[in-house]
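Residues per chain, in single letters:
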Amino acid sequence: MDGLQAVRYTRGRLLVLDQLRLPHEYEYDDVQTSEEAFDTIRSMRVRGAPAIAIVATLALAVELVNLDFSSATVVSQQDYINQKLDYLKGSRPTAVDLTNAISLLKQVIAHAGQSSTEAATVREAYIKAAEKILQDDLTTNLAIGRYGAEYLRRQQSPFDIVDEVDRFTTSSSGERIALGKGNRKMSVLTHCNTGALATSGHGTALGIIRTLHNMDYLEHAFCTETRPYNQGSRLTAFELVYENIPATLITDSMAGALFAQLKEEKNISAVIVGADRVARNGDTANKIGTYGLAVLANYHGIKFIVAAPTTSIDLEIASGEDIQIEFRARHELTQISGAVVEADGMVNTSKKARVAIAEQRIDVWNPAFDVTPYRLIDAIITEKGEVVRSKTGTFDFQAIMPERWAVQVEKEALGT
């Protein structure tokens, strides 16, 4: 799947796919500094919570390899890294993967500085830890895909096999589960882009769809255009076509009609989305438009599934009310850029144009994310397994992340 990588990294060099040029052009930017990484993230040339964390942390690793730190002390090296990490944190504040990665890396260099008097040891510790974030993400995505496919397959069973106690998947084989008698393939809808272009590879929500397709469980995938930045039409549609997954693009406003008219015919069984941040109670911040899809899915009796690595779960915030929502520029709603379509209908990638699509003097409200209340979410799929909403309507993450729970929740409750 080399052709679908948001990030290409070797020690000392980071190439980041410019996703603003997709789907018509496939060009990588050479990112050499933290400042270039900040601009790449802020301008949306790279997006997706896992990819944002990867680009930010690896860009600093590239700096540490290529710049001259021969006169650095342990303390000055730690100060340099910490200052750069604090700066990078501001590039996309809603994406908790970046915050978690920064916290982890600060701990790594603090520990390295305690065990050595050499600044080079601190640099090497940081670089290895940042590289491991990239490596671990792909493993995480593949696990999310498997757990999500297994969960959705079980929902097709005529028997209710999930009770209050049986909350977490235990299968690790990833083997194809035989279709039960009378069962049929399912169709799903996804929002924004949560695939290889938003991660190190495979993806989260789109990773589940890939796995469903590979296991021959998928009838059809529907993707929303995801206005105003069109990550669905530009990126998800591109990935689905690239993978030869049967798929159809719809506008954001068509989801309700799709469910009403084609739910039975296409066996539309789930809406699968990613997450930029999940609060302790299960409230989930994701691309704007996610909340509305959850309401529609609930009304039409369709499962609403969040695919999120445990790094996206923020146990330190109690609910979605504490999630900082980023607001974007007004021109994202009123203008659009793209390749020119010639008179014969062919796309000319060598010619670009920016056009106005709205009255330019109109006021604009443009939040990048919304928060879906936990009561509208059926399951949150992580690399550790699924966490389903219990019969009492709550989510409990303690079983899949006991160490973090003990540190971040139980100590807080005790006031220590």
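Look above for the structure.
Given the structure is predicted, the values throughout are model-derived calculations rather than measurements. (Residues numbered from 1 in each chain as written. Predicted model: local features only at pLDDT ≥ 70, side-chain atom pairs only at ≥ 80, totals over all residues. Heavy atoms only, no water.)

1. Here we look at helix H7 (residues 231-242)
- The end-to-end C-alpha distance of H7, which contains 12 residues, comes to 15 Å, matching closely the 16 Å that a straight helix rising 1.5 Å per residue would cover.
- For H7, the complete set of buried residues consists of Gln-231, Gly-232, Arg-234, Leu-235, Thr-236, Ala-237, Phe-238, Glu-239 and Leu-240.
- In this structure, the buried residues of H7 make contact with strand E4 (186-190), helix H6 (205-214), strand E5 (218-224), strand E6 (247-250) and strand E9 (284-287).
- Downstream of H7 by a residue or two, Asn-244 has a phi angle that is positive, lying close to 60 degrees. (Helix = DSSP H or I, 4+ residues; strand = E, 2+ residues; numbered from the N terminus. Expected span 1.5 Å × (residues − 1). Buried < 20%, exposed > 50% of the residue type's maximum accessible area, 1.4 Å probe, protein only. Contact = heavy atoms within 4.5 Å.)

2. Some remarks on the packing of aromatic side chains
- Within the structure shown, the criterion is met by 7 aromatic pairs.
- Ring centres 6.4 Å apart and planes at 35 degrees place the aromatic pair Tyr-26 and Phe-238 in the tilted group. Of this pair, Tyr-26 sits in the loop between strand E2 (13-17) and strand E3 (28-31) while Phe-238 sits in helix H7, and the two are 212 residues apart along the sequence.
- Take Tyr-26: its relative accessible area is 27%, and that puts it in the partly exposed class.
- When the ring of Phe-38 is compared with that of Tyr-87, the centres are 4.7 Å apart and the planes differ by 25 degrees; the resulting orientation is stacked. With a gap of 49 residues between them, Phe-38 in helix H1 (residues 34-42) and Tyr-87 in helix H3 (residues 74-89) connect regions that are remote in the sequence.
- Exposure remark for Tyr-87: the relative accessible area of 34% places this residue in the partly exposed category.
- Here a set of aromatic residues connected by ring pairs shows up, and it is made of Tyr-26, Tyr-28, Phe-238 and Tyr-242.
- The ring centre of Tyr-217 lies 5.0 Å from the NZ or CZ of Arg-153, which sits over that ring.
- The ring of Tyr-229 carries Arg-328 above its face, with NZ or CZ at 5.9 Å from the centroid. (Phe/Tyr/Trp six-rings, centres within 6.5 Å; stacked < 30°, edge-to-face > 60°. Lys NZ or Arg CZ within 6 Å of the ring centre and 35° of its normal.)

3. Considerations on helix H8 (residues 255-266)
- Between its terminal C-alpha atoms H8 stretches only 14 Å, short of the 16 Å expected from 12 residues at 1.5 Å a residue.
- Those residues of H8 that sit buried are Ala-255, Gly-256, Leu-258 and Phe-259. With its buried residues spanning 120 degrees around the axis, H8 presents them on a single face. Turned more than 90 degrees away from the buried face of H8, the exposed residues are Ala-260, Gln-261, Glu-264 and Glu-265.
- In this structure, the buried residues of H8 make contact with E4, E5, E6, strand E7 (268-273) and helix H9 (290-299).
- With its phi angle positive at about 50 degrees, Asn-267 sits one or two positions after the end of H8. (Arc of directions from axis to C-beta.)

4. Details of the sheet that holds E5
- Strand order across the open sheet formed by 7 strands is E6-E5-E4-E7-E10-E15-E16, with mixed pairing between neighbours. One side of each edge strand has no neighbouring strand; the edge strands of this open sheet are E6 and strand E16 (385-388). Within the sheet, the average angular offset between the axes of one strand and its neighbour, ignoring direction, is 25 degrees.
- As paired strands, strand E15 (residues 379-382) and E16 are joined by 4 bridges and run antiparallel to one another. In the strand pairing of E16, Ala-379 is matched with Val-388.
- Packing of H9 onto the sheet brings it into contact with E4, E7 and strand E10 (303-307), and relative to E10 it is tilted by some 145 degrees. (Pairing = 2+ DSSP bridges. Axes fitted to C-alpha atoms, helices over the stretch in contact; angles between N-to-C directions.)

5. Some points on the sheet that holds strand E11 (residues 313-314)
- Taken together, the 4 strands give an open sheet; going across it, the order is E11-E8-E9-E14, and neighbouring strands pair in mixed fashion. Two strands in the sheet have a free side with no partner beyond their single neighbour: E11 and strand E14 (369-372).
- On the sheet, H9 packs against E9 and E14 and is oriented at approximately 35 degrees with respect to E14.

6. Section: the pattern of salt bridges
- Tallying each qualifying case throughout the model produces 26 salt bridges.
- When salt bridges with common partners are traced through the structure, they connect Arg-42, Arg-92, Glu-326, Arg-328 and Glu-332 into a single cluster. (Salt bridge = Lys/Arg side-chain N within 4 Å of Asp/Glu carboxyl O.)

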